[in-house]
Every structure is written in C-alpha cells, then in structure tokens.
Amino acid sequence: MKLEDIARELGLTELTSKVTGSSQADIERGYASDLLSDVLAHAPEGGVLVTLQVHLNVIAVASHAELAAVIFAGGRRPDDEVCTKASAEGVSLFVSPADTFDVVGRLYAMGVKGNHA
Amino acid sequence: MEHLAYDIQSGDFGGAGAASRDLKQHLKRIGAESGAVRRAMIAAYEAEMNVVIHTEGGRLEATVSDGQLDVDVVDRGPGIPDVPQAMREGFSTASSEARALGFGAGMGLPNIERNSDRLRVTSAIGDGTRVSFSITLRPEAADQGARPSSLGIAAELCRDCRHCLAACPTAAIRVREAQPSVLHHLCVDCTCCIAACDPGALTLLDAPDGLAAADGVLAVPPALLAGFGDHAVDTVLEELRGLGFAAVVSVHPYEDELRRGVLDLAATSALPAPVISPVCPAVVSLIEVKFPSLVSHLAPLASPWEALQRDLGERDVTYVVSCPSQRTALLAQQPTAQRRTVTPRLVREAVLPRLAARRRAAPGTPAPQPQAAGASEGDLLVVTGVTHVLAVLEQIEDGRLTDVASVEPFICDDGCFGSPLLGEDAYVAAWRWAAAAGAAPGEGRSYERARPYRPRPGIRLDPDMAVAIRKLAALDAETKALPGRDCGVCGAPTCAALAEDIVMGRAVRALCPYVTPEEGSAS
C-alpha cells in the first residue's frame with residue numbers, strides 16, 4: 001500500500017512536503033501508541049505510527065525506529081519546528097481529524113497490518 | 001579504539017537523541033551490521049532519555065573496540081533505591097511532564113536490556129546512577145579478500161593521458177610514473193577504463209596460448225555473431241565451425257531465460273522491489289562493492305554465462321567473452337577455464353580472413369532486413385551505460401524507484417553489444433542481430449545460483465572495525481589538507497582517493513602538486 005494512496009483514502013493532510021520519494025513508500029505494517037518507549041520497542045521498521053503525541057521527541061523516536069510516516073490522530077498538529085525536523089530526518093507527517101481507533105481501523109481495512117497479523 | 005562522549009542536559013527533551021544519532025553514524029561508517037546498529041541506537045536513546053527525565057544531567061560515553069560497543073551513561077541524580085524493581089517493565093517514577101510526552105512508561109531500562117548483550121546498573125542514593133551496556137558488533141556480512149580480476153595491463157603502451165582515472169566508477173585506477181595499476185579490491189571488472197584507453201594499455205586478459213581450435217564447443221555472445229560487417233549471422237556461424245569447433249553456441253537464449261526468471265521472481269517472490277537482474281556480472285560486482293544494501297535486490301539466479309557453463313558441464317568449451325566481468329564470473333566457477341577464455345579480437349582475427357575468402361568466391365550476398373524487435377516487457381526497466389546504472393542504483397538505494405518491478409542493468413552502453421572489446425558499433429550490431437533472430441537457434445535455461453551474492457568490503461577501510469575507525473579520522477584530516485581540485489596529477493582520480501591512498505600507505509601527500517614542501521613532508 002503506497003503512502004500516497006493511504007493519505008488519499010484516509011483524507012490525511014500532509015505536513016511535510018520535502019521527504020523525497022516518500023509518497024511512493026510501500027507501507028505494510030503499522031503501530032499505534034502514545035508511549036514512546038513502547039514505539040521504540042515494538043514499531044515495525046518502515047511502518048506507519050498513529051499517535052496523539054505531537055512533540056519533537058516523536059520525530060527522534062520515529063527516526064530511531066526507522067518509521068516511514070507518522071499520523072497524528074484527533075486533529076492534533078505539531079509545531080513547525082517538528083515538521084522541519086521530520087523533513088530533515090526523512091519522516092513524513094500527516095494529520096487526521098479522526099481519532100486513533102478510527103484511523104487504525106481504516107488502515108487495517110486497507111491492508112496495513114500489525115506486527116503479528 | 002574510538003571514544004565518543006556526549007553531555008546530556010536535565011529536562012532537555014528537545015535535544016535528546018543527538019548522542020544516539022551521532023553514535024549511529026559512527027557505527028555505520030565502520031561497517032557494523034545494521035541490526036546491531038539499530039539495537040545500539042534504541043538502547044542509547046533510552047539511556048539518554050533516562051538522564052533527561054530523572055536526573056540533574058549526565059554524560060554518555062561510548063567506546064568502540066574489537067567487535068564491541070560499550071556504552072557508559074553516568075548521571076548526577078537521585079539514584080535508584082531498588083534496581084531490580086526499576087528493571088521491571090511498567091515500573092516508573094517519572095514526572096507528569098515526562099509522562100505527558102509519552103515517556104516514563106517504565107520501559108526504559110527493560111528496553112535497554114532487551115537491546116543489549118550485557119547490562120549493568122549500579123546506583124547510589126543521592127549520588128547518581130551508572131548504566132553500562134555492551135553490544136557485540138559484527139561486521140556487515142561480506143566476502144573477504146581480493147578476488148581475481150580479468151583486466152590486463154600492458155604498461156608499455158600507456159601514454160600517461162590518465163583518461164582511465166576519471167572513467168572508473170569505483171576510483172580503482174592509479175597512474176603513477178606512466179604505469180597504470182588497479183586496486184583489485186575496488187575493481188568491478190567492467191569495461192569503462194578499457195573504453196577510455198586509446199592506446200590499449202588496459203584490456204581484457206586473453207587465454208595464454210591463444211585460440212586453440214580443439215574439437216570442442218565455442219560459446220559466443222550474440223554481439224560477436226552480428227559483428228562482422230554485412231556478413232550474415234548464419235555465414236559467420238558456419239565459418240566459426242570451420243575453425244575446427246564441433247559446435248558453436250550463443251549465450252542469448254540464456255539471457256532470454258534469465259529475463260523470464262527475473263520477471264517471474266519480481267511477480268511472485270518476496271524479494272524487495274525492484275528486483276535487479278544479475279545479467280551483467282560487472283553491475284553485480286558494482287553492487288557488491290558500492291551498494292551493499294542493494295545485494296538483497298539481486299535475483300538469486302546465475303548470470304547467462306554461468307548458466308551456459310553449467311549446461312555445458314564437462315565438455316571442452318572455449319568461451320569468447322565480451323568483457324572482464326564475464327571472464328571473472330566463469331573462472332570463479334571453473335578455474336581451468338582460464339586456458340579457454342578468449343577475447344573477441346582473437347576470434348575475429350581468425351574468422352575475418354575466412355569470411356573475406358568466401359566473399360571473393362561468391363560476391364554480393366545481401367544481408368536480410370531486420371524484423372521488428374520482440375514486444376517490450378512492461379515490468380522491466382533496461383538500463384545501460386555506467387552513468388545511468390549508477391544513477392538508477394542510487395535511486396533504488398534511496399527508495400525512490402518503487403514503481404518499477406524489475407531492473408536489467410548493463411554496465412556497457414547498449415548492453416553487451418556496446419562492449420569496447422567487440423569490433424562493431426553497438427547500434428549496427430544490435431540492428432543486424434535483430435535481423436538475424438532465429439539464425440542461431442538454441443535453448444537456454446536459468447538456474448538458481450549456488451553461492452549467494454554477498455557484499456564485498458571494498459569501501460571499508462579495514463576489516464577490523466577498530467582500525468577502520470582510526471583510519472576514518474585520519475582520512476578526514478588528510479582530505480582537508482588537500483586542495484579538492486581533483487586534478488589527477490598525483491595519479492589518483494580525486495583528492496579523496498589520494499587521501500585514502502595516503503591513509504592506507506599507498507602514497508604520500510607530497511605527490512600533490514598543490515601541497516607545499518613543508519606540508520608534504522608532514523605526512
């Protein structure tokens with residue numbers, strides 16, 4: 001499932017624009033958590049993270065865990081500084097007005113699975 | 001031994017992660033295996049966050065030595081009253097501020113433990129805590145040692161023009177005192193320097209005893225068959241047999257089979273996309289040396305020549321190869337083939353007089369008109385020429401070529417037809433070959449490769465990671481001392497290549513014409 005297809009299907013707003021080639025990235029796995037240590041420990045490499053956390057450390061964690069994209073649920077928007085950092089680290093950021101449960105449900109229906117599916 | 005140290009500020013949630021990120025860069029440059037790098041990062045990041053969240057600040061020190069990373073994180077803090085309790089998942093004493101940011105879930109120390117090979121936590125109440133962990137670093141898997149090269153050097157022909165320096169895609173050539181030499185650990189056996197060498201000082205090694213026309217099989221590339229002016233392919237085949245060979249087989253059916261095999265794998269296997277065809281052994285070597293992360297994209301199939309070699313088994317075969325990489329690939333499977341691997345030139349010189357005599361006897365045989373080429377395969381991207389191959393491999397490595405299912409890369413312009421070792425222009429030969437399709441029928445097959453493709457440690461500075469780290473620092477300093485003009489006067493293609501030569505003991509700084517004598521003697 002291409003990231004750009006996910007963004008279109010879920011009606012996501014992209015917050016980063018200069019992440020080269022990311023729209024073509026193939027997303028097969030995802031993770032949802034607001035605990036960053038939990039993300040570090042369990043998020044699948046190359047996957048997408050759905051979270052409520054919008055601060056700078058999310059980018060550090062996403063980059064460390066080598067995630068392709070982060071979707072902020074519940075319409076929460078990070079500061080510009082966070083978006084700039086994400087672009088530099090090659091992590092795409094999106095925001096969705098839907099809450100975490102709905103975002104994950106729709107991702108799952110599109111074929112993006114968790115670690116053990 | 002490399003020692004790194006980073007100060008960590010209390011409460012600096014924004015700056016946290018800088019130390020672990022820098023550590024990651026270092027581990028990558030010394031060639032540590034990527035799984036270990038990821039584990040080291042996670043463990044270091046958790047340790048960093050612990051200092052930020054719980055303490056008055058501290059310091060992370062990392063030592064990389066003999067296959068091991070040791071990290072020591074010492075903080076000024078309240079200390080941990082009950083270490084075993086802190087090691088339990090879910091136990092946390094974090095502030096509400098830290099929790100609001102998604103930390104303090106009681107997973108930090110357990111995460112470090114899970115990602116390290118040894119963890120030791122010591123703490124003194126009111127004084128601070130020391131978290132020490134170690135991770136074993138194995139080098140990223142790579143074949144060791146130099147491999148044979150099929151590039152021949154006739155130093156007496158060298159005119160010192162140095163065109164080869166810039167032509168080489170891996171900066172493997174040096175020209176010093178009008179003597180070209182090749183760094184075998186970097187050479188990928190392509191044809192770039194051969195094409196650039198007008199006087200012919202760089203060429204393909206020939207069989208030591210020439211073309212011994214035994215009663216065996218002659219295996220040829222299609223470009224050879226189509227490379228004799230307007231002599232038709234079936235005529236050429238006849239005259240080749242006339243040299244005394246029992247049979248002449250062309251490798252092209254094996255190229256077709258390999259293409260089918262690659263497309264099949266691209267459609268059905270779990271290989272990362274795009275799947276790269278191993279059709280050109282020079283590109284395979286280029287990937288092994290310069291793009292180790294793309295080795296997993298290579299279809300695990302034998303090259304057309306290797307598959308043909310396998311089918312011919314124990315028969316007495318003379319191989320006419322169109323480039324050094326094909327010869328090296330054949331020799332890797334069967335070292336005795338050395339005596340029977342010949343250049344196209346040798347065969348051309350033997351056959352041309354026969355074709356000329358035939359033309360005199362029966363003049364005016366028209367060559368057939370070409371038919372339309374076969375239907376193009378939509379899922380296959382064919383890339384030829386070193387510039388384009390490098391550009392496309394870069395794209396794949398950066399994850400920017402995701403809409404292509406499979407790639408068939410050739411190092412020579414226009415594929416094997418464009419090898420500078422063949423006598424005919426690539427376009428003319430390809431046109432003529434298309435016209436004669438069917439004149440050299442044959443069956444091909446594709447095989448799984450017995451030995452998997454493996455990265456080569458060509459760009460790694462030393463097999464010992466600790467030594468590599470030292471050399472990396474010296475290389476940085478040496479590169480800064482050189483002017484960056486890449487003029488080639490020193491005999492290396494670039495200033496960076498000279499810097500590496502100096503660090504590796506292959507050259508001295510005084511070779512650079514822009515370095516003053518005092519600076520030069522400092523090296």
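Structure first, text after, so check above.
Anyway, here's the lowdown on the structure attached to this text.

Reading the values: the criteria
- Here the residue index of a chain counts from 1 through its sequence in written order.
- Ligands are numbered from 1 and chains lettered from A, in the order in which they are written.
- For a predicted model such as this one, the threshold for reporting local features is a pLDDT of at least 70, and the threshold for listing and counting side-chain atom pairs is 80 or more; totals across whole chains, interfaces and linings nevertheless cover every residue.
- Think of it this way: any DSSP run of H or I at least four residues long counts as a helix, any run of E at least two long counts as a strand, and we number them from the N terminus.
- Partly exposed residues are those whose C-beta has more than 12 but fewer than 20 other C-beta atoms within 10 Å; 20 or more makes a residue buried and 12 or fewer makes it exposed, with C-beta atoms placed from the backbone.
- Contact between two residues is assigned whenever their backbone-derived C-beta positions fall within 7 Å.
- Note on pairing: two strands pair once DSSP finds at least 2 bridges between them.
- Only C-alpha atoms enter the line fits that serve as axes; for helices the fit covers just the stretch in contact. Angles between N-to-C directions range over 0 to 180 degrees.
- A set of buried Ala, Val, Leu, Ile, Met, Phe, Trp, Tyr and Cys residues, joined to one another through C-beta atoms within 7 Å, is what we call a nonpolar core.
- The handedness of a crossover follows from its direction of travel: if, with the strands pointing away from the viewer, the path from the first strand over the helix to the second runs clockwise, the crossover is right-handed.
- Think of it as the arc spanned by the lines of direction from the helix axis to the C-beta atoms.
- We call two directions roughly parallel when the angle between them is under 35 degrees, roughly antiparallel when it is over 145, roughly perpendicular when it lies between 65 and 115, and oblique otherwise.
- The crossing is said to be left-handed when, going from far helix to near helix, the turn is anticlockwise and less than a right angle, and right-handed when the turn is clockwise.
- Under the scheme applied here, ten amino acids are nonpolar (Ala, Val, Leu, Ile, Met, Phe, Trp, Tyr, Cys and Pro), four are charged (Asp, Glu, Lys and Arg), and all others, including Gly, are polar.

1. Some remarks on the overall build of chain A
Inference 1: The helix and strand tally for chain A stands at five helices and five strands.
Inference 2: Starting at the N terminus, the α and β elements of chain A follow one another as α-β-β-α-β-α-β-α-β-α.
Inference 3: Classification of the 117 residues of chain A by burial places 45% in the buried group.
Inference 4: Considering only residue pairs separated by 6 or more positions, chain A has 54% of its internal contacts joining residues 24 or more positions apart.

2. Things to note about the pairing of strand β7 (residues 173-176) of chain B
Regular strands place their side chains on alternate faces of the sheet.
Inference 1: Pairing geometry for β7(B) and strand β8 (residues 179-182) of chain B, over four bridges, is antiparallel. Its bridge partner lying in β8(B), Arg176(B) is registered against Gln179(B).

3. So, the interface of chain A and chain B
Inference 1: Of the residues lining the interface, 18 residues belong to chain A; the matching set on chain B comes to 22 residues.
Inference 2: Those elements giving two or more residues to the side of chain A that touches chain B turn out to be α2 (36-42) and α3 (56-64) of chain A.

4. Considerations on the sheet that holds strand β4 (residues 118-124) of chain B
All names here are of chain B.
Inference 1: Overall, antiparallel pairing links the five strands, which are arranged β1-β2-β3-β5-β4 in an open sheet. Each having just a single partner strand, β1 (2-8) and β4 make up the two edges of the open sheet. Along the sheet, successive strands turn relative to each other by an average axial angle of 10°, direction set aside.
Inference 2: In terms of strand pairing, β1 meets strand β2 (residues 58-65) through seven bridges, oriented antiparallel. Across the sheet, residue Ile8 finds its bridge partner in β2, namely Gly58.
Inference 3: In this fold helix α1 (residues 18-29) packs onto β1 and β2, with an angle of close to 165° to the strand it touches most, β1.

5. What to know about the nonpolar core
Residues and elements named next belong to chain B.
Inference 1: The biggest cluster of nonpolar side chains holds 91 residues, and the ones touching the most others in it are Ala219, Val283, Val320 and Ile411.
Inference 2: Of all the elements, helix α11 (residues 281-290) adds the most residues to this core, at six residues.
Inference 3: When neighbours within four sequence positions are excluded, Ile411 is seen to be in contact with Cys190, Thr191, Cys280, Ala282, Val283, Leu286, Val386 and Val389.

6. A word on the sheet that holds strand β10 (residues 217-220) of chain B
Sheet strands line up and pair through hydrogen bonds in the backbone, either parallel or antiparallel.
Residue and element names in this part refer to chain B.
Inference 1: Strand order in the open sheet formed by four strands is β11-β10-β13-β14, with parallel pairing between adjacent strands. The open sheet is flanked by β11 (247-250) and β14 (341-342), the only strands paired with a single partner.
Inference 2: For β10 and strand β13 (residues 317-320), the ladder comprises three bridges, and the chain directions are parallel. The residue bridging Val217 from the neighbouring strand is Val317, located in β13.

7. Digging into unusual backbone geometry
Residues and elements named next belong to chain B.
Inference 1: Here Ala273 and Pro274 are connected by a cis peptide whose omega angle stands at -10°.
Inference 2: Its place among the elements puts Pro274 in the loop between α10 (252-268) and β12 (275-276).
Inference 3: For Ala171, which is not a glycine, the phi torsion comes out positive at approximately 55°.
Inference 4: As for its placement among the helices and strands, Ala171 is situated in the loop between α6 (163-167) and β7.
Inference 5: Exposure remark for Ala171: the 17 C-beta atoms within 10 Å place this residue in the partly exposed category.
Inference 6: Residue Asp414 is not a glycine yet carries a positive backbone phi of 60°.
Inference 7: When you line up the elements, Asp414 lands in the loop between β16 (406-410) and α16 (426-435).
Inference 8: A residue is classified by how many C-beta atoms lie within 10 Å of it, and Asp414, with 17 of them, is partly exposed.

8. With respect to the environment of Pro84(B)
Inference 1: When you line up the elements, Pro84(B) lands in helix α3 (residues 83-86).
Inference 2: The spatial distance from the C-alpha of Pro84(B) to the C-alpha of Val121(B) is 9.3 Å, given a sequence separation of 37 residues.

9. Focus: the pairing of strand β15 (residues 380-384) of chain B
Residues and elements named next belong to chain B.
Inference 1: As judged from the five bridges shared by β15 and β16, these two strands associate in the parallel manner. Each residue of the ladder has a partner; that of Val382, found in β16, is Glu408.
Inference 2: Handedness of the crossover joining β15 and β16 through helix α15 (residues 386-397): right-handed.

10. Description of helix α4 (residues 80-89) of chain A
All names here are of chain A.
Inference 1: Val82, Lys85 and Ala86 are the residues of α4 that are buried. The buried side chains of α4 occupy one side of the element, clustering within an arc of 100° when seen end-on. Seen from the buried face of α4, the exposed residues on the opposite side, beyond 90 degrees, are Asp80 and Glu81.
Inference 2: Those residues of α4 hidden inside the fold are in contact with α3 and β5 (92-95).
Inference 3: Positive backbone phi, approximately 80°, marks Gly90, located one or two places after α4.

11. Observations concerning the packing of α1(B) against helix α2 (residues 34-54) of chain B
All names here are of chain B.
Inference 1: Contact geometry of α1 with α2 gives a least axis separation of 9 Å together with a crossing angle of 160°. The angle between α1 and α2 places the two elements in the roughly antiparallel class. Considering how the two elements wind past one another, α1 and α2 form a crossing that is right-handed. Two secondary-structure elements touch here, α1 through Ala19, Ser20, Leu23, Lys24, Leu27 and Lys28 and α2 through Val37, Ala40, Met41, Ala44, Tyr45 and Glu48.

12. Quick notes on the packing of helix α12 (residues 304-312) of chain B against helix α13 (residues 324-333) of chain B
All names here are of chain B.
Inference 1: As a packed pair, α12 and α13 sit with axes 9 Å apart at the nearest point and diverge in direction by 40°. One finds that α12 runs oblique with respect to α13. Judged by the sense of rotation from one axis to the other, the crossing of α12 with α13 is right-handed. On α13, the residues that touch Trp305, Glu306 and Gln309 of α12 are Gln326, Ala329, Leu330 and Gln333.
Inference 2: Residue composition of the contact of α12 with α13, by class: three nonpolar, three polar and one charged.

13. Topic: α3(A)
All names here are of chain A.
Inference 1: Counting buried positions along α3 yields nine of nine residues, so the element is predominantly enclosed.
Inference 2: Those residues of α3 that sit buried are Leu56, Asn57, Val58, Ile59, Ala60, Val61, Ala62, Ser63 and His64.
Inference 3: Immediately downstream of α3, the backbone of Glu66 shows phi near 55°, a positive value.

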